[in-house]
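Secondary and tertiary structure notes
What follows is the residue order along each chain.
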Amino acid sequence: MQCEVVQDGTGNYLKIRGAEEEVISDRMFLYQEIPGFLPMELRRINGQKEYVFNISGRISLQKFLERENFSRTDIQQMFRQIFDMADCMEEYLLDSRSVVIREDFLYLDSGRGIWEGIYHEDHKQGTAEAVGHLLEVIMDKMNQKDRELVFFIYGMHKLTRGTDCTRDMLREYIYEEMSMFCPAENRKVPNSVPAPTKVENNSLLTAGRCKTRRTRFIRGCFLPGMILAAGVLLPMVLWWMGMFRLPVSGGTDWMKAVGTTLFFLAVSGYGVWKTLPEHAGKKKEMPVCFQDEKRDRNRVCLIPQTGEEEVVPIPYFPYRIKMENREWDCHSVVHILQEAGMVMVVDEDSGQAVYHNDRRLLPWHKTRLEDGDLLRIGGHEYVVEITQPEYVM
């Protein structure tokens, strides 16, 4: 693409030449501003189109990488917004491959902290190829001493080299990384918690239990009683209104009255039976348990297969394990995670492969662990022991 950056009295602009024929995206971007994309004007010079993008108050990714001491979080946010641009184009029924993912066509609005790009029909590039090139540019500019950033960039770049790499896979990798490297104070459970803080943390749990008791009372006593009372009162109301009175003598038609009363009692009895909890008095109420409490009460240990090694307890999630292999002069690094009560293992692209039940783990992919599974890390073999939480009402 032929492009140039110009500056005049009104601001800075990026100009790009386009084909002569008009395309659908021209009108779409000309008459509205789409979030995530630079404001655009369309001009015609000698019959040829020229796209003019307003980049005033913004800096390109190329300059951002040269000027800023960027972190892993900055790059993650940028890629998330790039993928949102592609999703937005698919919602508009446009080709997401025409979102230009290049360091000189991505601009940061520092005031709003938003990355913006452009859409160009003449430029089509696969997501894996474009993201891989961008990651290589970042590799040349990043701080090699920032371990979190280095692991993230190289892991994502390796993912783009796969033949089946998709935008959803890259997005999932970013979200996994964001959940994996959370601050330590948010991961570790303190040994002792002051009583007032403990009450505050359990307030939601207490409220849930009270709500459960109220619901149990309404379903078990109040609602059936109201239905039964309606079955008794309705015949009395009908008798008071004269529904059972004989037209000539004015007496009571007892056969009609008794039949109607029995009918209403049968209907109310059926209603009471339907509103009673199934297996009343025998069914145990499901306890209310939140994710944080469930995570804290899970216990995971790695039991060595040989008596010479020590047990590896997992005190919190996510937990990073590094195993040295002196024989091969390399090391293996894995992360133990927990999501929705399930324990996961992630291989951090170790120097020596990590095996789960004699199957090699794919780097940076989550694999579920079950109680009794075999896990081989850097020549050390362990049996996974998972103690499920016990819920107490």
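Values in this document were obtained by computation on a predicted structure and should not be read as measured data.

Analysis parameters
- Residues numbered from 1 in each chain as written.
- Predicted model: local features only at pLDDT ≥ 70, side-chain atom pairs only at ≥ 80, totals over all residues.
- Heavy atoms only, no water.
- Helix = DSSP H or I, 4+ residues; strand = E, 2+ residues; numbered from the N terminus.
- Buried < 20%, exposed > 50% of the residue type's maximum accessible area, 1.4 Å probe, protein only.
- Contact = heavy atoms within 4.5 Å.
- Areas by Shrake-Rupley, 256 points an atom, 1.4 Å probe, with all protein chains shown as cover.
- Expected span 1.5 Å × (residues − 1).
- Salt bridge = Lys/Arg side-chain N within 4 Å of Asp/Glu carboxyl O.
- Pairing = 2+ DSSP bridges.
- Axes fitted to C-alpha atoms, helices over the stretch in contact; angles between N-to-C directions.
- pLDDT = per-residue confidence, 0-100.
- Core = buried A, V, L, I, M, F, W, Y, C linked by side-chain atoms within 4.5 Å.
- Phe/Tyr/Trp six-rings, centres within 6.5 Å; stacked < 30°, edge-to-face > 60°.
- Lys NZ or Arg CZ within 6 Å of the ring centre and 35° of its normal.

1. What about the overall build of the protein?
Assigned secondary structure in the protein consists of eleven helices and 17 strands. Evaluated residue by residue, the protein yields a buried proportion of 37% over its 393 residues. Across the protein, the fraction of contacts at a sequence separation of at least 24, relative to all contacts at a separation of at least 6, is 57%. For the protein, the exposed surface amounts to about 24,200 Å²; the carbon and sulfur share of it is 53%.

2. Examining helix 4 (residues 127–141)
With 15 residues, helix 4 should reach 21 Å at 1.5 Å per residue; the first-to-last C-alpha distance of 21 Å fits that figure. Along helix 4, the residues that are buried comprise Ala128, Ala130, Val131, Gly132, Leu134, Leu135, Val137, Ile138 and Met139.

3. A few points about the pattern of salt bridges
A pair can form between side chains of opposite charge whenever their charged atoms are brought close. Scanning the model with the defined rule gives 17 salt bridges in all. Of the charged contacts in the structure, one is a salt bridge between aspartate 87 and arginine 171, with a shortest N-O distance of 2.4 Å. Linking aspartate 87 in helix 3 (residues 72–91) with arginine 171 in helix 6 (residues 167–180), this pair joins segments that are 84 residues apart in sequence. Arginine 171 gets classed as buried once you look at its relative accessible area, which sits at 16%.

4. Regarding helix 5 (residues 147–160)
With 14 residues, helix 5 should reach 20 Å at 1.5 Å per residue; the first-to-last C-alpha distance of 20 Å fits that figure. Burial in helix 5 covers these residues: Leu149, Val150, Phe152, Ile153, Gly155, Met156, His157, Leu159 and Thr160.

5. Concerning the sheet that holds strand 3 (residues 40–45)
Strand order in this open sheet of four strands is 1-2-4-3, and the pairing throughout is antiparallel. Single-partner strands in this sheet number two, and they are strand 1 (3–8) and strand 3. Put simply, the sheet's adjacent strands are angled 30 degrees from each other on average, direction ignored.

6. Observations concerning the confidence of the model for the protein
Low-confidence regions, as indicated by low pLDDT, have predicted coordinates that should not be scrutinised in detail. The share of residues in the protein with pLDDT of 70 or more is 78%, and the mean pLDDT across the chain is 76. Across the protein, strand 7 (residues 114–116) holds the top mean pLDDT of 92, while helix 8 (residues 195–201) sits lowest at 36. Between residues 182–209, whose pLDDT stays under 50, and residues either more than four places distant or in other chains, the model counts 19 contacts.

7. Observations concerning the nonpolar core
The biggest cluster of nonpolar side chains holds 55 residues, and the ones touching the most others in it are Ile75, Met78, Phe79, Met89, Ile138, Ile153 and Met156. Sequence-distant contacts of isoleucine 153, defined by excluding residues within four places in its chain, comprise Ile75, Leu135, Ile138, Met139 and Met142. Val312, Val345, Leu369 and Val384 belong to the second largest nonpolar core, which has 19 residues in total.

8. Some details on the packing of aromatic side chains
How two aromatic rings sit relative to each other is given by the distance of their centres and the angle of their planes. If you walk through the whole model with that rule in mind, you get eight aromatic pairs. With 5.9 Å between their ring centres and 85 degrees between their planes, tyrosine 173 and tryptophan 364 make a pair best called edge-to-face. One end of the pair, tyrosine 173, is in helix 6; the other, tryptophan 364, is in the loop between strand 14 (359–360) and strand 15 (366–369), with 191 residues separating them in the sequence. The burial state of tyrosine 173 is the same as that of tryptophan 364; both residues are buried. One aromatic cluster is present, built from ring pairs that chain together Phe29, Phe37 and Tyr119. If you follow arginine 376 out to its NZ or CZ, it ends over the ring of tyrosine 355, 4.4 Å from the centre.

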